[in-house]
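# A structural walkthrough
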Amino acid sequence: MSANFSVKVGRHNDFISPSQACVVSLNSLKKSSPQAFDDDGLVQIQSKKLLNPDFNQASALSKSDPVKVSLHDCLACSGCITSAETVLIEQQSTGEFLSQLDTGKKAVVVSLSPQSRASLAAYYGVTPLQAFKKFTGFMKSIGVRAVFDTSCSRDLSLIESCKEFVTRFRDNKNLPILASACPGWVCYAEKTHGADILPHISAVKSPQQAMGAIVKRFACSSLGLQPEDIYHVTVMPCYDKKLEASREDFVFSGEVNGETDGPQMTEVDCVLTTTEVLDLLATKSADFTALEEAPLDRLLANVDESEQLFGVQGGSGGYAECIFRYAASVLFGKEVIGPLKFKVLRNSDFQETSLEIGGKPVLQFACVYGFRNIQNLVRRIKSGKCEYHYVEIMACPSGCLNGGGQIKPRKGQSAKDLIQLIEVTYANDIEIRDPFSNKITQGLYDQWLGHPGSAKACEIMQTQYHSREKTVGSYISDW
């Protein structure tokens, strides 16, 4: 990527190619700068680094005044930060990962997401279990100490989310609750809607950050390591996870003599996308299909003694379905049997389901994917016309399995065909189980967190959000 390049920005869109990215307007924006439209009426903007598509027909910078944008300035709107060709984050790269392995100063631990595992399996034509074993074998061969599975930390996040929902529903506080597992959506809410929306977002950490907390605050002792001796890497389906790992909210102090005044550490040190795993394989001249299948590290992996992978249904975490079933049982004594029936509204990325008692809906949930649907939802919340109690939100259309960091279609393969293949691959060979029955999470509570929703669980498993400086684009959107 060159140091300076010009881009065109049209209307806000979920799918933004590197040439269509745009700029966050910072303090250096000159009010006197003239608008620079091309023949198609699109804003011509020049930038140096990360770009932002929420800058829609706003005053543009002159070519002599490039905007410098840091990670904290980025809106994470599924455009620039999810394009492999346009994002170079030095501390979140395969180069940094390999450098850590080469130095050997820290033990490298890798956590693989189930979405990335499904993408690898679909790309290479193997089962998710085979992909997991081959991935583990490859990582161990280059010096990684342990390879874990974020399906178990997702179960922990789901359990805490269930407890959070029941508490807030009974208190009728800040409903609807909006899922917090997607960092692109969270960053968008912080930068564009602030206090109007942030109180509605679930305080529970995402599976990535939950795994970071588990690895560095608890499981490290099982590996015979101190937290500061671990370099924790996650493999995720989107680039926004790099932004999430870099948030100051996920830095904690190590313990010295029982006091939390030790060195400052991040829960997740480096995030690699599924696409970057392919780059890593190429760097090491490794043929994934020919790799040997290594034994899995069962300490933090959803696989039983018979080598059956298990987890929840839903490629985006299954938040709506899991919390709906739990709430129906705990709040209304109703056991929901069989798959939930979701009604498609505007499009397949906007669906809802409800529980009715006496002909009246007592629970109303929705799944909302993609920024266009998210914007419609936000308008309903702001106007007080949102009837939902909980909404599973993901920035990417079709959800996390379609994340910007997933492996791209092969030649002759359409994006639609690929996502359908990944969805089928994800569902196959995975046994659906209740997160509350997971022996790993049960052990985490028994030995570490106490019980779901406990004071310690909330301290470790919850985070907070911040209103950030608005961009010109967000002002225009509000207007």
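Here the structure is shown first, and the text comes after it.
Because the structure is a prediction, the values reported are computed rather than measured. (Residues numbered from 1 in each chain as written. Predicted model: local features only at pLDDT ≥ 70, side-chain atom pairs only at ≥ 80, totals over all residues. Heavy atoms only, no water.)

### Re the overall build of the protein
Under the convention used in this document: In DSSP terms, a helix is any run of H or I states spanning at least four residues, a strand is any run of E spanning at least two, and both are numbered starting from the N terminus. Buried residues are those whose accessible area, probed at 1.4 Å on protein chains only, stays under 20% of the maximum for their type, while exposed residues exceed 50% and partly exposed ones sit between those limits. Contacts are assigned to residue pairs with any non-hydrogen atoms lying within 4.5 Å of each other. Computed with a 1.4 Å probe, the accessible areas rest on the Shrake-Rupley method; for each residue, only the protein chains presented here act as cover.
For the protein, the count of helices and strands is 14 helices and 15 strands. Across the 479 residues in the protein, those meeting the buried criterion constitute 58%. Within the protein, residue pairs in contact and separated by at least 24 positions form 75% of the contacts whose partners lie at least 6 positions apart. Accessible surface, the protein as shown: approximately 20200 Å² in total, 48% of it carbon and sulfur.

### A look at helix α12 (residues 439–449)
To be explicit about the condition: Contacts described as polar in this section are N or O atom pairs within 3.5 Å, which, within protein, must combine one atom able to donate a hydrogen with one able to accept it, while residues neighboring in sequence count only if both atoms come from side chains.
Taken together, the buried positions of α12 are Ile 440, Thr 441, Gly 443, Leu 444, Tyr 445, Trp 448 and Leu 449. On its buried face, α12 sits against α4 (150–171), α6 (207–217) and α13 (455–461). The opening residue of α12 is Asn 438, an N-cap whose side-chain oxygen sits 2.8 Å from the backbone nitrogen of Ile 440. Just downstream of α12 lies Gly 450, where phi reads positive at about 95 degrees.

### Remarks on the packing of α4 against α12
The axes of two packed helices give the description: the angle between them and the distance between them. To be explicit about the condition: Angles shown run from 0 to 180 degrees and are taken between the N-to-C directions of axes, each axis being a line fitted to C-alpha atoms and, for helices, limited to the stretch in contact. Relative orientations are named as follows: roughly parallel for angles under 35 degrees, roughly antiparallel for angles over 145 degrees, roughly perpendicular for angles from 65 to 115 degrees, and oblique for any other angle. In a left-handed crossing the near helix is turned counterclockwise from the far helix by less than a right angle, and in a right-handed crossing that turn is clockwise.
Taken N-terminus to C-terminus, the directions of α4 and α12 make an angle of 70 degrees; their axes are 9 Å apart at the nearest point. Relative to α12, α4 is oriented roughly perpendicular. Between α4 and α12 the crossing geometry is right-handed. Along its contact with α4, which presents Cys 152, Asp 155, Leu 156, Ile 159 and Glu 160, the element α12 presents Ile 440, Thr 441, Leu 444, Tyr 445 and Leu 449.

### Digging into the packing of aromatic side chains
What counts here: Centres within 6.5 Å make a pair out of two Phe, Tyr or Trp rings, where for Trp the six-membered ring is used; the pair is then stacked when the planes are under 30 degrees apart, edge-to-face when over 60, and tilted otherwise. Counting as a charge over the ring demands two things of the Lys NZ or Arg CZ atom: a distance within 6 Å of the ring centre and an angle within 35 degrees of the ring normal.
For the structure on display, the rule yields 12 aromatic pairs. For the pair Phe 165 and Phe 169, a centre-to-centre distance of 5.6 Å together with 35 degrees between the ring planes defines the contact as tilted. You can see Phe 165 and its partner Phe 169 sitting in helix α4, 4 residues apart, about one turn around the helix. According to the relative accessible area criterion, Phe 169 is buried, its value standing at 19%. When the centroid spacing of 5.2 Å and the interplanar angle of 15 degrees are considered together, the rings of Phe 218 and Trp 448 count as stacked. Taken as a pair, Phe 218 in the loop between α6 and β6 (230–236) and Trp 448 in helix α12 lie far apart in primary sequence, 230 residues in all. Looking at Phe 218, the relative accessible area reads 18%, which means it is buried. Of note, Arg 410 hangs over the ring of Tyr 123, and the distance from its end group to the ring centre comes to 3.8 Å.

### Let's talk about the environment of Ala 121
The topology assignment puts Ala 121 in helix α2 (residues 114–124). Between the C-alpha atom of Ala 121 and that of Thr 425, which follows or precedes it by 304 residues, the distance is 7.1 Å. When residues no more than four places from it in sequence are discounted, the contact partners of Ala 121 are Val 126, Thr 127, Pro 128, Ala 131 and Thr 425.

### Description of the state of the cysteines
Using the following cut-off: Two cysteine sulfur atoms make up a disulfide if the distance between them is within 2.5 Å.
Throughout the structure, instances matching the rule amount to 0 disulfides. For the unlinked cysteine Cys 396, the closest cysteine sulfur is that of Cys 238, found at 5.9 Å.

### Notes on the pattern of salt bridges
As a reminder, the rule being used: Any Lys or Arg side-chain nitrogen found within 4 Å of a carboxyl oxygen on Asp or Glu counts as a salt bridge.
Scanning the entire structure with this criterion turns up 17 salt bridges. Here Arg 247 makes a salt bridge to Glu 190, at a shortest N to O gap of 2.8 Å. Within this pair, whereas Arg 247 is found in the loop between α7 (240–245) and β7 (251–253), its partner Glu 190 is found in helix α5 (residues 183–192), the two being separated by 57 residues in sequence. For the pair Arg 247 and Glu 190, a shared accessibility class is recorded, and that class is buried. Between Glu 431 and Arg 433 there is a salt bridge; the shortest N-O distance is 2.6 Å. On the accessibility criterion, Glu 431 (36% relative accessible area) is partly exposed. Each of Lys 133, Arg 298 and Glu 307 takes part in one network of salt bridges that share partners.

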